[in-house]
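Close look at the chain arrangement
Listed below are the residues making up each chain.
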Amino acid sequence: MGKVIELNADKCSACGACAVACMDQNDLDVTEGASAFRIVRDLEGADGGYEYYSIACFHCEDAPCISACPCNCLKKDEEIGFTVYDNENCIGCHSCAMACPYGAPCYGKDGKMIKCGGCAVRVKNGLEPACVANCPTGALRCVDRTECEEL
Amino acid sequence: MQKTAVAGFGCAGYHAVRSMREHGYQGEIDVYTDTQWAPANPMLTTYYICGKLRREATLPFGAIEELSQKYNFHIITTSVQKVLSEEKAVLLQDGKTQYYDQILISTGARAFVPPIPGHESERVFSMRTIEDADRVRKILEGREIKRAVVAGASMVGIKLVELLHARGIHCTLVDMAPYIFPLAAVPCVAAEIERRLTGMGVELAFSKALKAIEEDGQRVVFADGESISCDMVLMCIGTRANTEIADENIKVNRGIVVDKRMRTNMQDIYCAGDCSEGCNLQTGDNQIIGIWDNAARQGETAGANMAGVVKEYEGNMLHNITHFMGMDFIGFGDVKSEGEEFLYENKEKGEAFVIRVKDNKPVCMNFLDSYGASGVLKAYMINKFGGAGRQMDSVSKVRLLNEGIPEKLINFLESNSQEEDVWEK
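The rules behind these values
- Residues numbered from 1 in each chain as written.
- Chains lettered and ligands numbered in written order.
- Predicted model: local features only at pLDDT ≥ 70, side-chain atom pairs only at ≥ 80, totals over all residues.
- Domains from an automatic or database assignment.
- Helix = DSSP H or I, 4+ residues; strand = E, 2+ residues; numbered from the N terminus.
- Contact = placed C-beta atoms within 7 Å.
- Pairing = 2+ DSSP bridges.
- Axes fitted to C-alpha atoms, helices over the stretch in contact; angles between N-to-C directions.
- Left-handed = near helix turned anticlockwise from the far one by under 90°.

**Some thoughts on the domain arrangement of chain B**
What the domain assignment lists for chain B is domain 1 (3-42 + 56-110 + 240-306), domain 2 (124-237) and domain 3 (337-415). Centre-to-centre, using C-alpha coordinates, domain 1 of chain B lies 35 Å away from domain 3 of chain B.

Here it is in structure tokens:
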């Protein structure tokens with residue numbers, strides 16, 4: 001059993017606080033072309049109304065990126081179940097991006113894969129992931145998978 | 001105590017053993033391997049040659065000795081000559097027979113080198129195993145190589161061109177097919193890749209059949225009488241499944257035929273990985289889909305079932321990904337299928353995206369330098385082939401929009417109704 005970061009889209013206003021917190025926490029330098037692991041966007045519905053989303057890695061229980069990686073860079077964190085990685089041997093082949101149904105893997109300036117690791121170190125030390133801690137409306141929550149409602 | 005044999009220890013064999021133990025299998029496991037360098041990933045050899053990966057990193061799960069401790073199995077280096085399916089036994093090279101309760105065939109595939117005259121020269125190479133990589137590494141370090149011929153415009157072939165080109169070696173890429181990546185690329189994407197390769201100084205010789213290799217690997221002769229002189233020849237024509245150990249009772253086409261639980265037609269004989277023919281979701285037929293990820297999934301499925309847990313693997317579609325010389329190519333689905341083709345280019349980002357549609361369904365997609373949307377679209381296609389008919393969810397849409405995929409294309413994928421003005425040809 002593991003944790004997931006859950007979004008309640010009804011509470012999200014796509015304000016971007018989560019993305020800024022993500023950049024800060026993960027030292028993602030936007031001036032160097034990096035983007036946050038979390039993407040924030042509004043979506044126009046068929047009825048003309050707007051919905052708001054903040055999405056990153058879903059930390060799938062049976063994560064397809066793990067078996068797709070030719071170098072075995074990805075794994076499940078045994079303690080909290082996030083999909084974490086060590087990209088030392090990453091060859092930048094983008095196989096993980098092709099395997100991920102949500103397009104979560106990103107690539108750094110060196111071409112190696114980087115992605116949302118759920119702020120595993122923070123969570124292990126009793127803190128919230130940076131995006132969750134900085135969400136002003138409570139739309140993002142870090143919960144056990146069993147508590148997670150369908151998005 | 002129950003006894004299981006695993007013949008071959010690549011990606012599928014490893015995942016099967018791991019999965020058996022994780023599903024609580026308590027019996028003995030004998031792993032037969034003809035190489036101690038296992039479980040290796042054949043796709044990493046060129047990265048090892050160019051020094052991007054350490055030799056050990058070509059074993060993504062670690063060395064076999066460590067794994068045998070972790071998952072408690074015996075390593076047996078005597079080759080398996082035959083799997084005797086009725087007796088549930090393996091006949092070994094030394095003439096001995098060992099009996100089991102169940103057997104997994106996970107022997108993988110080998111590089112195919114056509115037996116043309118001269119193919120045995122020491123200047124002729126193939127690329128699959130670490131030994132192949134060592135041979136190429138040795139000649140590149142030891143001798144002055146100025147010109148190379150790479151036969152086979154495949155995913156392996158292009159990685160060798162990249163490797164050699166980076167060392168200043170003049171490369172000619174040869175194939176019998178009329179264009180590059182004939183099993184994955186649509187013609188307009190192939191043409192763009194070829195234009196870029198030619199611009200970088202790579203010579204291309206397509207629609208050419210190999211006839212012989214002469215002058216001890218220093219001249220490649222084609223069926224049309226033309227020839228090229230070179231210092232080395234690399235054969236990347238393709239692979240062949242290692243199915244020879246299956247006895248005559250086991251059903252074999254190009255690969256060993258398996259069901260969704262990775263069972264062969266013979267009781268308690270399983271098969272997974274590049275030697276097996278699982279389900280191609282697009283056609284519904286059995287076909288070898290020789291991809292690392294597919295081998296992992298099949299191995300995992302075989303392992304669960306061998307541990308007594310019913311688990312099914314639906315199958316996969318043909319797909320390929322390769323990045324080389326500053327390019328990034330992805331192909332989904334059957335490139336030979338007919339349909340109407342549409343091209344979308346994001347010139348600002350330098351991305352190209354081609355989709356072929358038949359009966360309002362995508363049958364083939366190509367992406368050039370636009371991997372960002374590939375995961376969402378692969379899942380979409382697999383769902384369509386699987387008959388799930390699931391609508392595109394909001395998260396997928398957000399991702400596609402973020403990757404610059406035009407809204408009208410997303411609307412098409414979502415609605416599945418082809419409108420006249422949806423496409424930019």
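**Some words on the environment of Thr137 of chain A**
Residue and element names in this part refer to chain A. Counting through the fold element by element, Thr137 comes out in the loop between helix H5 (130-133) and strand S8 (140-144). The spacing of Thr137 and Tyr50 is 87 residues in sequence and 17 Å in space, taken between C-alpha atoms. Residue contacts for Thr137: discarding those within four places in its chain leaves Lys11, Cys12 and Ser13.

**Quick notes on the sheet that holds strand S20 (residues 276-279) of chain B**
Where strands meet in a sheet, backbone hydrogen bonds hold them as pairs that are either parallel or antiparallel. All names here are of chain B. Spatial ordering of the open sheet is given by S18-S20-S21, a layout of 3 strands whose pairing is mixed. In this open sheet, the two strands that pair with only one neighbour each are strand S18 (256-257) and strand S21 (286-287). Looking at chain direction, S18 and S20 are connected through 2 bridges and run parallel. Bridge pairing links Ile256 to Ser276 in S20.

**Points about the packing of helix H1 (residues 11-22) of chain B against helix H7 (residues 292-306) of chain B**
Packed helix pairs are specified by the crossing angle of their axes together with the interaxial distance, meaning the distance between the axes. All names here are of chain B. With their axes 7 Å apart at the nearest point, H1 and H7 run at an angle of 35° to one another. The chirality of how H1 crosses H7 is right-handed. The residues of H7 that touch H1, namely those facing Cys11, Ala12, Gly13, Tyr14, His15, Ala16, Val17, Arg18, Ser19 and Met20, are Trp292, Ala295, Ala296, Gln298, Gly299, Glu300, Ala302, Gly303, Ala304 and Met306.

**Some points on unusual backbone geometry**
Omega for the bond connecting Ala38 of chain B with Pro39 of chain B falls within 30 degrees of zero, at -5°, which places this linkage in the cis form. Of note in this structure, Ala14 of chain A is not a glycine but carries a positive phi near 55°. Relative to the helices and strands, Ala14 of chain A resides in the loop between strand S1 (3-7) and helix H1 (17-25). Of note, Asp27 of chain A is a non-glycine position whose phi angle comes to about 50°, a positive value. Take Asp27 of chain A: it is sitting in the loop between H1 and strand S2 (39-44).

**Quick notes on the sheet that holds strand S19 (residues 269-271) of chain B**
Residues and elements named next belong to chain B. Ordered by their spatial adjacency, 5 strands build an open sheet running S3-S2-S1-S7-S19, and the pairing between neighbours is parallel. Both edges of this open sheet fall to strand S3 (74-76) and S19, since each of them pairs with a single strand only. Pairwise comparison of adjacent strand axes, ignoring direction, gives a mean angle of 20° for this sheet. Where strand S2 (residues 28-32) lies against S3, 3 bridges are found, and the strand directions are parallel. In the sheet register, Tyr32 faces S3, and the bridge partner there is Ile76. Sheet contacts for H1: strand S1 (3-7), S2 and strand S7 (102-105); angle to S2, the most-contacted strand, approximately 175°.

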